[in-house]
Structure formats: C-alpha cells, structure tokens
Amino acid sequence: MQDIRDESLMQLTDFLVKNGEQAFRARQVYEWLWKKNAPDFASMTNISSALRQLLQNNYRLQHIKVAAEQISKDQSRKYLLQLHDGHYIEMVLIPSSDRVTVCISSQAGCAMACAFCATGAMGFVRNLSAGELYDQVYMANELAQKCYGSHLSNVVIMGMGEPLLNADNINVALNIITGREGMAMSPARITLSTAGVCEGIKQLAQEQPKIGLAVSLHSAIQSKREQIMPIAKSQSLVKLADALKYYHQNTGQRITFEYLLLGGINDSLEDAKQLAVYCRQFPVKINIIEYNENSHTVFTRSSQQQRDAFMSYLEEKNMIVQLRHSKGCDIDAACGQLANKKCKK
Ligand code: SF4
C-alpha cells in the first residue's frame, strides 16, 4: 500500500475529488500529515469518519519509532530509530550554549563505503522517504523541548547515507520542513553534507539555494582521497571543483569542507598545503574534525601536535578554520556505530 506522505497536495486533491470529496479536504488532510504530524488516520478529528476510512483503505501512514537512546556525558543524545519495515537508522541531538542541532540520516545504510565510516561497512539498504526524513526533524524538535527546554534550532543532514543519492525525497522533505505547511524552519539553519556527488550539488544549487552545503573532503590529493573515499574515483577533485564553482556562482554561498583528521593518513603539512591550494578556487570554511575511533575501522585520531601544526598552516594561509570537537565520545556517536551493532545482533 502506498505511503500517503509520498503524495503531493495536488495528487491527494485529485484522489479525494475522484472519490466524491471536496477539494478543500485535501488541504485539511495535508495539514494533519505534516504540520500536526498525526500518528494515524483516526486522529484526524476534523474530517468525517467516511473520509478517514477512505484514506485507511488506500494508504498507509507509519512513523519512525525510537528503538534505543544513548546519552553522553556531554548531553548529546543518540537515537536508534526503527523504520516501518524493520530497518534501522540513527539520529543525534547535539546541544550547545546557544542552539540544539540534530544530525539526521538520509538513507538506511550507505553505498559510498568510505573507509573510515561504520555506516559504510553496512552497505546500502534503501532510501528514506520524505515522510521518514521529516519525521526525524519533527521528532528532534519535540525531544529538544523535552530534554533541553528549547526548540530545535539547526538541522544537519550528515548522518547515515549520501543525501544527494536520495535527492528527490530530500527536496520534498526540505520544502515541507521550511514551508508553512510543515515546520516553517529557516533554510539558513539547515546544512546538507555530501561526499561529493557532483550532479547532485548542481541540482541542489537550483532547487535549494538557501540550504547550506558541506562537503566531506578529507583529502585534497586525488590518489589519497580515492583510498579513503571510493566515490572520488568517479567524482574526481577536478569535477568536484567544477560543481562547487557552479554552486557558488548560483547561490552566492560559502562552502564548508569537512576534514576528518586521520593519524598518519591525511594530517601531514603536505596534506595541509594541498588543501590550501584546493580551497583557493571558491570561498570556503574548513571544519577540522577529530576522529571517533571505532571497532569497524583501523584508523586512529591525529595527535594534538599534528592537529595543531595542520591547523596553524591553514591559518597562516588566511583560511577560515574551525576545530570541531567530537561529541558523544563515550557513546556510539560516530555515524553508523549504533545501527551497525543492532544489525549484527
Ligand atoms: S561517511 Fe557518509 S557517505 Fe561515507 S560511507 Fe559514511 S554515511 Fe556514507
């Protein structure tokens, strides 16, 4: 049976009119589906029982459920979420002094197979629907109020999966998260992170120009990037630079590069030098991320000395560089660790 949240307002209107209902009913149902995030058809109290039964007979409405929660000493919370077909994804809530950010998943599993990532070790399961993407943000907003006493302020699409390989559903979900029919959240508070899907970056520039873009770069040396990120074989650094130039020209936005420092792999001064050269092509900000060591990969965290030297080099070249401390080091906070454990059980 079809997921009702895969239907656009126009499709829902057509369906209701064909079944003898008035067109305005579709907008009421749509509001229950998104703005009120109704748990089931029975809760749609301002529509007739006959219409509720019509919907029940033709569509399914199933939400994601919390299967497990881990709370870190730093107050970040990681959630294992179960989808209607039994698969698992992850979501992380990260509080800081002035905001609460949620990191959501875009796919169950991931086909990208990045060497440092626990999700990559799981392989690809399936794309998340627009409803499942929206559910995570809606649920995060409720949890933020319950756990931290404030509304959700930021969304990063940086959890399990490659969002630009699920671009159509991401686009629908973003339109509803930022639209009045949904959560009316400012697009400037949302960032999408990609491993570097070049066509998807260009499509994003057209469809969602106000959303922030982050690129998991991790090396500006082609051969090295291919070793740790297999996607680099088809989406080369040259091709990626072309897509990012297009993105910047069409959106005017600065690009964020995520750079995970892996001990002895990509943290030398030569790596920093190549990164600085690559970054001269467009306005960028570089987030240096400390690695969360985990049992799924052989990588280690860079030493503090190496990290400081790497960052100092970039700062001397007038780059905007920020260190992102790992949150939730005492829980399975690295992407895919919790779901990977669950899948193996
Ligand atoms: S880092 Fe992101 S893109 Fe790479 S395997 Fe993990 S989830 Fe996929």
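Fair warning: this is a prediction, and the values are worked out from it, not measured in the lab.

## Let's talk about the site of the ligand
For the ligand, the set of nearby residues contains 11 residues, the closest of which are C110, M112, C114, C117 and G161. Across the shell around the ligand, the residue classes tally to 7 nonpolar, 4 polar and no charged.

## Some remarks on the domain arrangement of the chain
One can read the domain layout of the chain as domain 1 (2-60) and domain 2 (65-344). Placing a centre on the C-alpha atoms of domain 1 and another on those of domain 2 gives a separation of 34 Å. Listed per partner, the contact involves 9 residues of domain 1 and 12 residues of domain 2. Taken together, both faces of the contact between domain 1 and domain 2 bury some 920 Å²; the carbon and sulfur share is 50%. Broken down residue by residue, the surface that domain 1 buries against domain 2 is led by R5, W34 and K35, which jointly contribute 57%. D135 is the salt-bridge partner of R5, the closest N and O atoms lying 2.9 Å from each other. Summed over the shared surface of domain 1 and domain 2, the result is 5 residue pairs in polar contact (both at pLDDT 80 or more). Its residues assigned to classes, the side of domain 1 that touches domain 2 comprises 2 nonpolar, 1 polar and 6 charged.

## Topic: helix α6 (residues 198-207)
Every buried residue belonging to α6 is among C198, G200, I201, L204 and A205, and all of these are buried. The arc that holds every buried residue of α6, seen down its axis, measures 160°, which confines them to one face. Along its buried surface, α6 packs onto β10 (190-194), β11 (212-216) and α8 (237-251).

## Observations regarding the packing of helix α4 (residues 130-148) against helix α5 (residues 167-178)
Contact pair α4 / α5: the axes reach a minimum separation of 8 Å and the direction vectors enclose 45°. Taken together, α4 and α5 sit at an angle that is classed as oblique. Of the two elements, α4 crosses α5, and the hand of that crossing is right-handed. Contacts from A130, L133, Y134 and V137 in α4 reach N169, I170, V172, A173, I176 and I177 in α5. Looking at side-chain class alone, the contact of α4 with α5 contains 9 nonpolar, 1 polar and no charged residues.

## Examining the pairing of strand β13 (residues 284-290)
Burial runs high along β13: 5 of the 7 residues are buried. With 7 bridges connecting them, strand β12 (residues 255-261) and β13 associate as parallel partners. From the neighbouring strand, L260 faces β13, where its bridge partner is I289. Viewed along the sheet, the connection from β12 through helix α9 (residues 269-279) into β13 turns out right-handed. Alignment of β13 against strand β14 (residues 320-324), held across 5 bridges, turns out to be parallel. The residue of β14 that forms the bridge with K285 is I320.

Reading the values: the criteria
- Residues numbered from 1 in each chain as written.
- Predicted model: local features only at pLDDT ≥ 70, side-chain atom pairs only at ≥ 80, totals over all residues.
- Heavy atoms only, no water.
- Near = heavy atom within 4 Å.
- Nonpolar A, V, L, I, M, F, W, Y, C, P; charged D, E, K, R; others polar.
- Domains from an automatic or database assignment.
- Contact = heavy atoms within 4.5 Å.
- Buried area = accessible area lost by both parts, 1.4 Å probe.
- Salt bridge = Lys/Arg side-chain N within 4 Å of Asp/Glu carboxyl O.
- Polar contact = N/O pair within 3.5 Å; in protein donor to acceptor, adjacent residues only side chain to side chain.
- Buried < 20%, exposed > 50% of the residue type's maximum accessible area, 1.4 Å probe, protein only.
- Helix = DSSP H or I, 4+ residues; strand = E, 2+ residues; numbered from the N terminus.
- Arc of directions from axis to C-beta.
- Axes fitted to C-alpha atoms, helices over the stretch in contact; angles between N-to-C directions.
- Parallel < 35°, antiparallel > 145°, perpendicular 65-115°, else oblique.
- Left-handed = near helix turned anticlockwise from the far one by under 90°.
- Pairing = 2+ DSSP bridges.
- Right-handed = clockwise from strand over helix to strand, strands pointing away.

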